[in-house]
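The residues making up each chain are set out below.
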Amino acid sequence: MEEIDVVEGFSSVIKRINAVCLKNGLKNKPRVVAVSKTKPKELIINVYNQGQRQFGENYIQELVEKSNDPEILEKCKEIKWHFIGHLQKNKINKIITVPGLDVLETLDSEKLAVALNAALEKSGKEQPLKVMVQVNTSGEEEKNGCEPNSCWELVDFVLKNCPHLKFVGLMTIGQYGYDTSLGPNPDFLRLIKCRDGVCEKLNLQKNDVELSMGMSDDFEQAIELGSTNVRVGTVIFGARAKKTKESGDITEGMANVTVN
């Protein structure tokens, strides 16, 4: 992909987001996470130079390599990484060493929360790691995430037992290929309902609980419904070739691919 394609792709996303916000009278624009999985560092740097700071990766090893790349460290000093793939406990020690790690969007169990909290405590890091609780709103077996009815319990557990984790919101992938012309995406509506339930049960303010929902095919509708964090890859970086499964990570079309 040529640089101009990346620049135009990123520009088109920003223009579309601005249009949605203007149309719906939204004063607070959502965060854009540019999902750069499988894409070379040169494209990340190009998009960074357009003002983008938040980048998302699905694969632990790829995130570790990119975040420690000397050129990215030199040219992208303010970059912030979101991990949006499935995190296994045996990869925790790798992810907590990532320079610029900002948010883990896929916390899905108490066991993972305990292990992550313990690793962060042992590392001596002063700032807690921001986390989102992933919810399996579509009920598909191949997707990770906690059940919608019980997501508040995981949030409650994190708030009470994990001082090295900072709960910031809920995340869903949702069912692929939903036709937005049929009306609001049911997965988005379920995540909104989950947020409402979490806030009611735990006495939290809705403004303090982010909603990470919406990808390349549906981010505009997600924003209309209240998404504060959209994960956009294909529109910015172009289509991706399938990647073979690496230990502990996810392949194209499986549980935590969050860019199509």
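As shown above, the structure is provided for reference.
As the structure is a computational prediction, the values presented were derived from the model and not from experiment. (Residues numbered from 1 in each chain as written. Predicted model: local features only at pLDDT ≥ 70, side-chain atom pairs only at ≥ 80, totals over all residues. Heavy atoms only, no water.)

Student: Explain the pattern of salt bridges to me, please; I cannot follow it from the model alone.
Tutor: Counted by the stated rule, this structure contains 15 salt bridges. Here Glu78 and Arg53 are joined by a salt bridge, their closest N and O atoms 3.2 Å apart. Here Glu78 is found in the loop between α4 (70-75) and β3 (80-83), whereas its partner Arg53 is found in the loop between α2 (41-48) and β2 (54-57), with 25 residues between them in sequence. Given a relative accessible area of 26%, Arg53 falls into the partly exposed group. Residue Arg195 is joined to Asp196 by a salt bridge in which the shortest nitrogen-to-oxygen separation is 3.4 Å. By relative accessible area, Arg195 is classed as buried at 14%. Given the relative accessible area of 27%, Asp196 is considered partly exposed. Salt bridges here are not isolated pairs; linked through shared partners, they connect Lys41, Asp69, Glu71 and Lys75. (Salt bridge = Lys/Arg side-chain N within 4 Å of Asp/Glu carboxyl O. Helix = DSSP H or I, 4+ residues; strand = E, 2+ residues; numbered from the N terminus. Buried < 20%, exposed > 50% of the residue type's maximum accessible area, 1.4 Å probe, protein only.)

Student: What's the story with the pairing of strand β5 (residues 129-134) in this structure? I'm lost.
Tutor: Side-chain positions along a regular strand alternate between the two faces of the sheet. Among the six residues in β5, five count as buried, and that is most of the element. The parallel pair strand β4 (residues 101-107) and β5 is bridged by helix α6 (residues 110-123), and the resulting crossover is right-handed. In this sheet, strand β6 (residues 165-171) lies alongside β5 in parallel orientation, the contact comprising six bridges. Looking across to β6, one finds that Met132 is bridged to Gly169. The parallel pair β5 and β6 is bridged by helix α7 (residues 151-161), and the resulting crossover is right-handed. (Right-handed = clockwise from strand over helix to strand, strands pointing away. Pairing = 2+ DSSP bridges.)

Student: Hey, could you run me through the packing of α7 against helix α8 (residues 186-202) in this one?
Tutor: Two quantities define a packed helix pair, namely the angle between the axes and the distance from one axis to the other. Viewed as axis vectors pointing N to C, α7 and α8 meet at an angle of 50 degrees, and their least axial separation amounts to 9 Å. When the interaxial angle is binned, α7 and α8 end up oblique. In this structure, α7 meets α8 at a crossing whose hand is right-handed. From α7, Cys151, Trp152, Val155, Asp156 and Leu159 reach across to α8, where they touch Cys194, Val198, Lys201 and Leu202. Across the contact of α7 with α8, the residue classes break down as seven nonpolar, no polar and two charged. (Axes fitted to C-alpha atoms, helices over the stretch in contact; angles between N-to-C directions. Parallel < 35°, antiparallel > 145°, perpendicular 65-115°, else oblique. Left-handed = near helix turned anticlockwise from the far one by under 90°. Contact = heavy atoms within 4.5 Å. Nonpolar A, V, L, I, M, F, W, Y, C, P; charged D, E, K, R; others polar.)

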